[in-house]
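# Structure assessment
These are the residues of each chain, in order.
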Amino acid sequence: LLLAAGAKVAITSTTDRIFHRLAELGADETTAFARPADLTKADQVTSLVAEVTARLGGIDILVNNAGMTQIGGDVAADEMQKMTEEAWDYGIDISLKTAFLVTRAVLPGMIERRYGRIVQMSSVTGPVVGIAGGSVYAAAKSGMLGMTRALAIEAGASGVTVNCIGPGWIQTGSSSEAEIVAGHHTPIGRPGTPEEIGHVAVFLASEEASYVTGQMIVVDGGNTVQEYKVAL
């Protein structure tokens, strides 16, 4: 969607599957770029940002969308009293540390050019609601919102806006059957689509969103405003 709106786009994941995603974009090397990187590693983030800048130019838009699941690394949700320190660190690393490291690497260029749009993919889980067994995910996504608000104040005078999106039940390849069922109990009556999240990201990344900063836009089909979440 960002590519269709006229942006040059760089994408990354932890494996070579990112090159399949690049092929799906159908763009040439002057408008799209892909490279694997582990965004929990500062040196890999620095290298990635340097190569993106060399290939496509200064980075004006950052969408921090890494987190939640990772190929080759999976820690099952568990109650906090049963959670290991390793599981906690892993959950914070993939959902929050990634956003910190990439934002820190990209921000100086935005401030120098006095323009930037940072979009954080948070969640309703943590900032708005909670799920049993999801304490580390909720903590990371709440942390992302807190970071967004503080950074919006720090960077606002430099022409950089920072906002969050809070998705609800969105149907993706990683959705469980229970999550799909939950989506059908929203006021809209179905799970959301990745495209419906993407359009909000495009808005927040646009020049038209120049006076929106430090906010979280909830995209959940109205799920968090209803008390009864079953058919009556």
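Residues numbered from 1 in each chain as written. Predicted model: local features only at pLDDT ≥ 70, side-chain atom pairs only at ≥ 80, totals over all residues. Heavy atoms only, no water.

## Examining the sheet that holds strand 3 (residues 61–64)
- Ordered by their spatial adjacency, four strands build an open sheet running 3-4-5-6, and the pairing between neighbours is parallel. The open sheet has two edge strands, strand 3 and strand 6 (216–219), and neither has a second partner. On average, each strand axis in the sheet is inclined to that of its neighbour by 20 degrees, with strand direction left out of account.
- Across four bridges, strand 3 lies against strand 4 (residues 116–121) in parallel orientation. Bridge pairing in strand 4 places I61 opposite R117.
- This element, helix 3 (residues 85–113), spans strand 3, strand 4 and strand 5 (160–167) of the sheet and lies at about 175 degrees to strand 3.
- Seen against the sheet, helix 6 (residues 194–204) touches strand 4, strand 5 and strand 6 and runs at an angle of roughly 165 degrees to strand 5. (Pairing = 2+ DSSP bridges. Helix = DSSP H or I, 4+ residues; strand = E, 2+ residues; numbered from the N terminus. Axes fitted to C-alpha atoms, helices over the stretch in contact; angles between N-to-C directions. Contact = heavy atoms within 4.5 Å.)

## Brief notes about the side chain of N163
- Within the secondary structure, N163 is located in strand 5.
- Residue classification places N163 among the buried residues on the basis of a relative accessible area of 1%.
- There is a polar contact of 3.0 Å between the side chain of N163 and the backbone nitrogen of Q215.
- In contact with N163, other than residues within four places in its own chain, are I118, V119, Q120, T148, L204, V212, T213, G214 and Q215. (Buried < 20%, exposed > 50% of the residue type's maximum accessible area, 1.4 Å probe, protein only. Polar contact = N/O pair within 3.5 Å; in protein donor to acceptor, adjacent residues only side chain to side chain.)

## Focus: unusual backbone geometry
- Its identity is not glycine, yet R114 carries a phi of approximately 60 degrees, on the positive side.
- Within the fold, R114 resides in the loop between helix 3 and strand 4.

## Re the side chain of Q120
- When you line up the elements, Q120 lands in strand 4.
- Residue contacts for Q120: discarding those within four places in its chain leaves N64, A99, T103, M144, M147, T148, V162, N163, C164 and I165.

Note that all results are geometric; they support no functional claim without further evidence.
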